[in-house]
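Summary of the model geometry
The residues making up each chain are set out below.
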Amino acid sequence: MNRNSGLQRMIADIEDEVAFTRHMIGRDHLDQQVMAAMREVPRDAFVPAELKGAAFDNGPLPIGHGQTISQPYIVALMTDLLQLQPEHRVLEIGTGSGYQSAILSRLCRQVYTIELVPALSRAAQRLFQRFEYGNIRTLTGNGYQGWPEHAPYDGIIVTAAAGYIPPALIEQLRPGGRLVIPVGKPYGHQELLLVEKDFQGGIDTRHILAVAFVPMVDSEPMIDR
Ligand code: SAH
């Protein structure tokens, strides 16, 4: 299958899965601009060379270091839930391959992304340079603390499963902002949560659906030089 038909199949698979889960996610279609970003960003560049043939499958793929690039449907859904506006600034925890960061960068003003594994962060940075995604800033660090220097954020997205919602992330969310995070047991039951902070600082949490993410690790990055 050539690249173009692979990409078209990926988009069709995402749309099918959205329709299939419409009662859980509360709508029949995702935002058109989110779907345009899914068409634009070359997922095949973000997967290891030997897996290029599976790059447009609607599933997660290994990216080394025990980590994965998320399933395209989940990337699209989580991006949609953030309801991004062009002027928004977003924080992502778990850069991984950089694919989710790249999608976000097409839809908002600035992306800040934190990754625990230095080698993954470096590989993602190289891709951002190659594709001239100039509005992504990377940090190697522990996302449980967020990135206070640039707070508050209009949206925060966590792409690893935490045991609880890290308090620093709630603090760093702008009133009116949205946090999308998988919460649950490592390799056990996990739920995707949408957390909204109101203008009085109150928190509203909605369960969206069951998901399977790699665990969010609470440690400082290993030095790997
Ligand atoms: N968004 C990624 C998905 C990566 S998988 C993509 O599009 O490819 C989750 C990533 O979270 C892994 O790379 C893992 O190393 C990272 N991670 C786990 N715990 C973390 C933490 N406490 N802080 C920052 N990154 C973390």
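Preceding this section is the structure that the text describes.
Structural notes, computed from the coordinates.

1. Quick word on the overall build of the protein chain
- Across its full length, the protein chain carries seven helices and nine strands.
- The C-alpha radius of gyration computed for the protein chain amounts to 16 Å, which stays within 12% of the reference 17 Å derived for 225 residues, consistent with globular compactness.
- Dimensions of the protein chain, computed from C-alpha atoms along their principal axes, come out at roughly 50 × 50 × 35 Å.
- When burial is assessed residue by residue, the protein chain has 55% of its 225 residues classed as buried.
- Restricting the contact set of the protein chain to residue pairs at least 6 apart, pairs at least 24 apart contribute 55%.
- Accessible surface computed for the protein chain: about 10,700 Å², of which carbon and sulfur atoms make up 52%.
- The centroid of the 20 positive side-chain charges in the protein chain is displaced by 4 Å from the centroid of its 25 negative side-chain charges.

2. As for the packing of aromatic side chains
- If you walk through the whole model with that rule in mind, you get six aromatic pairs.
- Seen from their ring centres, Tyr112 and Trp147 are 5.4 Å apart, and the 80° between their planes marks the pair as edge-to-face. Placement of the pair is Tyr112 in strand β4 (residues 110-115) and Trp147 in the loop between β5 (136-140) and β6 (153-158), with a sequence separation of 35 residues. The exposure classification of Tyr112 matches that of Trp147, with both residues buried.

3. Side note on helix α6 (residues 118-130)
- Under the 1.5 Å per step criterion, the end-to-end length of α6 is 19 Å for 13 residues, consistent within 8% with the ideal 18 Å.
- Among the residues of α6, those classed as buried are Pro118, Leu120, Ser121, Ala124, Leu127 and Phe128.
- Tucked into the core, α6 has its buried residues touching β1 (61-64), β2 (67-69), α5 (99-105), β4 and β5.
- Following α6 by one or two positions, Glu132 adopts a phi angle in the positive range, close to 55°.

4. Quick word on the site of the ligand
- Within the structure, the ligand sits among 27 residues, and Ser97, Glu115, Asn142, Gly143 and Val217 are positioned closest to it.
- The contact in question runs from a nitrogen atom of the ligand to an N or O atom on the side chain of Asn142, over 2.9 Å.
- Because more than half of its atoms lie within 2 Å of the grid, the ligand is assigned to the largest pocket.
- When contributions to the shell around the ligand are tallied by element, the ones reaching two or more residues are β2, β3 (89-93), α5 and β4.
- Among the elements that take part in the shell around the ligand, β2 stands out by supplying three residues, more than any other.
- The residue inventory of the shell around the ligand, partitioned by class, reads 13 nonpolar, twelve polar and two charged.

5. Considering the pattern of salt bridges
- Scanning the entire structure with this criterion turns up seven salt bridges.
- Here Arg22 makes a salt bridge to Asp28, at a shortest N to O gap of 3.8 Å.
- Judged by relative accessible area, Asp28 falls into the partly exposed class, the value being 47%.
- A salt bridge links Arg106 to Glu40; the shortest N-O distance between them is 3.9 Å. Separated by 66 residues along the polypeptide, Arg106 in the loop between α5 and β4 and Glu40 in helix α3 (residues 32-40) bring together distant segments of the chain.
- Accessibility expressed as a relative area gives 31% for Arg106, which makes it partly exposed.

Parameters at a glance
- Residues numbered from 1 in each chain as written.
- Predicted model: local features only at pLDDT ≥ 70, side-chain atom pairs only at ≥ 80, totals over all residues.
- Heavy atoms only, no water.
- Helix = DSSP H or I, 4+ residues; strand = E, 2+ residues; numbered from the N terminus.
- Rg over C-alpha atoms; globule rule 2.2 N^0.38 Å.
- Buried < 20%, exposed > 50% of the residue type's maximum accessible area, 1.4 Å probe, protein only.
- Contact = heavy atoms within 4.5 Å.
- Areas by Shrake-Rupley, 256 points an atom, 1.4 Å probe, with all protein chains shown as cover.
- Lys, Arg positive; Asp, Glu negative; His and termini not counted.
- Charge placed at Lys NZ, Arg CZ, Asp CG, Glu CD.
- Phe/Tyr/Trp six-rings, centres within 6.5 Å; stacked < 30°, edge-to-face > 60°.
- Expected span 1.5 Å × (residues − 1).
- Near = heavy atom within 4 Å.
- Polar contact = N/O pair within 3.5 Å; in protein donor to acceptor, adjacent residues only side chain to side chain.
- 1 Å grid on protein atoms, 1.4 Å probe; cavity = no way out; pocket = protein on both sides within 12 Å on 5 of 7 lines; lining within 4 Å.
- Sits in = over half its atoms within 2 Å of the grid points.
- Nonpolar A, V, L, I, M, F, W, Y, C, P; charged D, E, K, R; others polar.
- Salt bridge = Lys/Arg side-chain N within 4 Å of Asp/Glu carboxyl O.

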